[in-house]
Amino acid sequence: MPEIDDPRRRPPAPGPRRRAFGGALACAAGLAAAGAAPALRATTAPIRLGQTLSLLGGRHRLALDLFTGLRVGLDRANARGGVRGAEVALRTLDDHNEPDQAAANVRQLLQDGALAIVAPIGRAITAALLPAVEASGAALVGPVSGDATLRRPHRPQVFALRADLRAQWQVLIGHARRRGLARAALFCEASERGEAQAREFQALLAASGAPPAALLRYDGAPASLENALRALRGSGSQFVVNDGAAPLYEALIRRLVEATPGVAGRPLVLAVDTDAPTLVRSLGAAAEGMIVARAFPAVQDTRRAIVRDYLAAMREAEPTWAPSDAGLEGFVVAQALVSALQRSAVPSRAGLLAALGRTDQDLGGLRLRWHPGDHHGLHFADAALVGRDGRWVQ
């Protein structure tokens, strides 16, 4: 069964294994989640998967939701017989949002026999652990990041599910253009990576018939935020988009709202973010009128079978835990992994890589494709308007 381990703490004294999840998620070695399906009577050794997450003492809702969805998906597969009688066992280590700790966690998980590393969150964490994964011959499945460097140039061991930033930007630019807006500003990192992202954004604007964007560069210093706000005001931009960096973009939005009361008096705010619900909750009333890109369907979109399956599994396994976009993402990662394991000739790193690399299937209304030379995954991108009460308006 899935575990969450905190490598900074000593293992508990020998004794009965305690079960904990939900409101009292424990971050100690050997603690398994409550409500999980009974362990299989394995006829073969368990198939091991590994994960590193930033739990922040149970305060990181995105990580908890992602873990819940992943765990529920794997538990359901195990309750139905696992993979040819073998349990799919997930071990999750807490990295405290420290890239070096994430890399150390992954080295330990791989040393302990993980066939794949699944669903790390964010560009910095994923970049830190990637060398260990690539050196081991294992797969990295479902990183929660839209960063282009995980997809281009092609990385044979990286299997993305969520759409990259380019696809999310394309959706947001389309929304702006349909409103008759053409002049854009991009809040982008002052770095080589930021310049590369800016070139991609400018190319998308050109393809839509819009003029080049004003570039609002940031480097993390307070002065760069003030400079970006000044540049935005002087640019005449009709809409503004970010390339990530949610905390800094949140600060820019707050300053923009303070300086320009009323939605009609300021540029339309568009956002891409790994954890959009948290960004919207944190902004509160300042989020009204924003349009946010989504890399997975809304959990309210029950037209899709995968959403209905996720909601049914949550009602059965975690009835007190609210379904969420991140939980759905974790659930989809579980479905993709279990399907590939069932198709692999041998439960090994090489066997799983081969099976993942020939994926073309309908996951309940989401088409997943991983082919040689193209591991982009779902290609799903949508957007939602934020209403007055902070709820999504589809």
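Residues numbered from 1 in each chain as written. Predicted model: local features only at pLDDT ≥ 70, side-chain atom pairs only at ≥ 80, totals over all residues. Heavy atoms only, no water.

(A) The arrangement of the overall build of the protein in detail. Regarding its fold elements, the protein presents 11 helices and 16 strands. Put simply, the protein has 394 residues, and 55% of those count as buried. For the protein, the computed accessible surface area is about 16600 Å², with 53% contributed by carbon and sulfur atoms. (Helix = DSSP H or I, 4+ residues; strand = E, 2+ residues; numbered from the N terminus. Buried < 20%, exposed > 50% of the residue type's maximum accessible area, 1.4 Å probe, protein only. Areas by Shrake-Rupley, 256 points an atom, 1.4 Å probe, with all protein chains shown as cover.)

(B) Molecular detail of the sheet that holds strand 13 (residues 367–371). Across the sheet, which stays open at both edges, the three strands sit in the order 12-13-14 with antiparallel pairing between neighbours. Whereas interior strands pair on both sides, the edge strands pair on one side only; in this sheet they are strand 12 (359–362) and strand 14 (374–377). Averaged over all adjacent pairs, the angle separating strand axes in this sheet is 10°, with direction ignored. (Pairing = 2+ DSSP bridges. Axes fitted to C-alpha atoms, helices over the stretch in contact; angles between N-to-C directions.)

(C) Local environment of the packing of aromatic side chains. Under the definition given, this model contains five aromatic pairs. Between Tyr310 and Phe331, the aromatic rings sit 5.6 Å apart at their centres with planes inclined by 55°, giving tilted as the arrangement. Pair noted here: Tyr310 is in helix 9 (residues 305–317) and Phe331 is in helix 10 (residues 325–343), with a separation of 21 residues, a long-range link. Accessibility classification places Tyr310 together with Phe331 in one group, the buried group. Grouping aromatic residues by their ring pairs yields a cluster made of Phe187, Tyr218 and Tyr249. Looking at Arg61, its charged tip hangs above the ring of Trp321, at a distance of 4.6 Å from the centre. (Phe/Tyr/Trp six-rings, centres within 6.5 Å; stacked < 30°, edge-to-face > 60°. Lys NZ or Arg CZ within 6 Å of the ring centre and 35° of its normal.)

(D) Inspection of the nonpolar core at higher detail. Formed by 57 residues in total, the largest nonpolar core has its most connected members in Leu74, Val141, Leu161, Val332, Leu356 and Trp370. With 11 residues, helix 10 is the single largest residue contributor to this core. When residues no more than four places from it in sequence are discounted, the contact partners of Val141 are Ala116, Ile117, Val118, Ala119, Phe159, Leu161, Val333, Leu337, Leu356 and Trp370. Judged by nonpolar contacts, the second largest core, of 25 residues, contains Val171, Ala176, Ala198 and Val241. (Core = buried A, V, L, I, M, F, W, Y, C linked by side-chain atoms within 4.5 Å. Contact = heavy atoms within 4.5 Å.)

(E) Summary view of the packing of helix 1 (residues 61–79) against helix 10. Between helix 1 and helix 10, whose axes approach to 7 Å, the crossing angle comes to 35°. Crossing handedness for the pair helix 1 and helix 10: right-handed. Residues Leu62, Asp65, Leu66, Gly69, Leu70, Val72, Gly73, Leu74, Arg76 and Ala77 of helix 1 touch helix 10, and the partners they reach there are Ala326, Gly327, Glu329, Gly330, Phe331, Val333, Ala334, Gln335 and Val338. Counted by class, the contact of helix 1 with helix 10 contains 11 nonpolar, five polar and three charged residues. (Left-handed = near helix turned anticlockwise from the far one by under 90°. Nonpolar A, V, L, I, M, F, W, Y, C, P; charged D, E, K, R; others polar.)

(F) Representation of the sheet that holds strand 9 (residues 239–242) in the model. A sheet is described by the order of its strands in space; here seven strands give the open sequence 8-7-9-10-11-15-16, paired in mixed fashion. On the outer flanks of this sheet lie strand 8 (214–218) and strand 16 (392–393), each paired with one strand and no other. Examined bridge by bridge, strand 10 (residues 268–271) and strand 11 (residues 291–294) share two bridges and lie parallel to one another. Residue pairing for strand 11: Ala271 is matched across the bridge by Val292. Contacts from helix 4 (residues 165–178) reach strand 7 (184–189), strand 9, strand 10, strand 11 and strand 15 (382–386) within the one sheet, and its direction differs from that of strand 11 by about 145°.

(G) Structural detail: the confidence of the model for the protein. In the predicted model, the protein carries a mean pLDDT of 86, and 88% of its residues have values of at least 70. Predicted confidence is poor over residues 6–42, with pLDDT under 50, and the contacts of this stretch with residues over four places away or in other chains come to 75 contacts. (pLDDT = per-residue confidence, 0-100.)

(H) Region of the structure containing helix 10. The end-to-end C-alpha distance of helix 10, which contains 19 residues, comes to 27 Å, matching closely the 27 Å that a straight helix rising 1.5 Å per residue would cover. Counted residue by residue, helix 10 has 17 buried out of 19 residues, so it is predominantly covered. (Expected span 1.5 Å × (residues − 1).)

(I) Broad picture of the pairing of strand 2 (residues 47–53). Here strand 2 lies mainly inside the structure; six of its seven residues are buried. For strand 2 and strand 3 (residues 88–94), the ladder comprises seven bridges, and the chain directions are parallel. Looking across to strand 3, one finds that Ile47 is bridged to Val88. Running through helix 1, the crossover from strand 2 to the neighbouring parallel element strand 3 is right-handed. (Right-handed = clockwise from strand over helix to strand, strands pointing away.)

(J) Structural context of the side chain of His376. Within the fold, His376 resides in strand 14. Polar side-chain contacts of His376 include one of 2.9 Å to the side chain of Asp374. Excluding its chain neighbours within four sequence positions, the residues that come into contact with His376 are Arg151, Arg152, Ala160, Leu161, Arg162, Asp164 and Trp370. (Polar contact = N/O pair within 3.5 Å; in protein donor to acceptor, adjacent residues only side chain to side chain.)

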